[in-house]
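An overview of the molecular structure
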Amino acid sequence: MQYGFVGHAHPPQHGDAKGSCKEIFSLSMKLLQISSRARTRGGYQMFELDLRGRHVVIAGGSRGLGLHVALAFAEAGASVSICARGKSDLEAAGERIAMHGVVAHAACCDLAEHASIKAYVEEAATRLGGIDILVNNASGKASSDTEQDWAASLSVDVLATVRASSAAQPYLENGTNPAIINISSRTAFAPAPTTPAYGAAKAAIMHFTRSQAAALAGKGIRVNCVAPGSLEFPGGWWDKCRVQNPALYDRTQASFPFGRFGTPGDIANVVLFLASPLSGWITGQTLLADGGQTLQ
């Protein structure tokens, strides 16, 4: 089901009051339908959008945030394809996606290699029957200022986003309500003295998002970006930090006005919103989803 706003071609006249009231009631019921279809899963709320019939490709989706986004799309009824380098993680993730009764495709792909990305996107489009939504979630996860980290950030975070978008564009042009969602980070909004390569790459993705949006609007493709704050989930960096460096963990947790880290589910909700018709008039924007972390 697609939700939209009901409007008049012309302003309502005095005699249209009854019809106008009906339209307002209809809109209110639709909004109520959206807000009431929320449930709790894993400690966070999942808002259930109906995305049946949509085909989603997630570059980097076998674990962490990418996996949670993939599962959220599957729960909404979309067919989902994910890729990553690790075969064991991919197989487990593909099985979890398929449990939702949707078409699930998982393939190995080296997101640092142009040819590998092109081949994966073509295979995903064939297996799903097209591409309506592309989520660029690749990251080299640079953690220092070495030349190796800079190379990884440029080849994976930046160029994988460029290459996957280019490979998917012909399919998106023929898709339904096509959209690209790029994943950046709150790190892009402030100096990152210990992880400058990571911060610079994520800032580049934000700028590229605006360029993409301007270039693809004429083809009906929306492009937006999500910049998550610090996220905690089992096996993730902050989950390990809680044990290995409790002082840093506590200090970072205290930076959230709500008193907790974000979860992958918090970000998955934002990605689904930007991929859905509910955000049909939004393009070229970066949504900072950090629970107010940058307010401190």
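Check the entry above for the structure.
As the structure is a computational prediction, the values presented were derived from the model and not from experiment.

1. Observations concerning unusual backbone geometry
Of note in this structure, Lys 141 is not a glycine but carries a positive phi near 50°. Looking at the element boundaries, Lys 141 is found in the loop between strand S6 (133-136) and helix H5 (147-173). Non-glycine residue Asn 177 carries a positive phi angle of around 45°. Its place among the elements puts Asn 177 in the loop between H5 and strand S7 (179-183). The class of Asn 177 is partly exposed, set by a relative accessible area of 35%.

2. Looking at the sheet that holds S7
Spatially, the 7 strands line up as an open sheet ordered S5-S4-S3-S6-S7-S8-S9, and their pairing is parallel. Strands at the two margins of the open sheet, each flanked by one partner only, are strand S5 (104-108) and strand S9 (286-289). Strand after strand, the sheet turns through a mean of 15° between neighbouring axes, direction not considered. By the bridge criterion, 4 bridges tie strand S3 (residues 55-59) to S6 in an arrangement that is parallel.

Analysis parameters
Just so you know, the residues in each chain are numbered from 1, in the order the chain's sequence is written. pLDDT decides what is reported in this predicted model: residues at 70 or higher carry local features, side-chain atom pairs at 80 or more are listed and counted, and totals for whole chains, interfaces and linings draw on all residues regardless. With hydrogens and water excluded, all non-hydrogen atoms of the structure serve as input to the side-chain values. Think of it this way: any DSSP run of H or I at least four residues long counts as a helix, any run of E at least two long counts as a strand, and we number them from the N terminus. Burial classes: relative accessible area under 20% of the type maximum marks a residue as buried, over 50% as exposed, and values in between as partly exposed (1.4 Å probe, protein chains only). Whether two strands pair comes down to DSSP finding at least two bridges between them. Each axis is a line fitted through C-alpha atoms, and for a helix only the stretch in contact is used; angles between axes span 0 to 180 degrees, taken between their N-to-C directions.

Interpretation in functional terms is not warranted from these geometric data alone.
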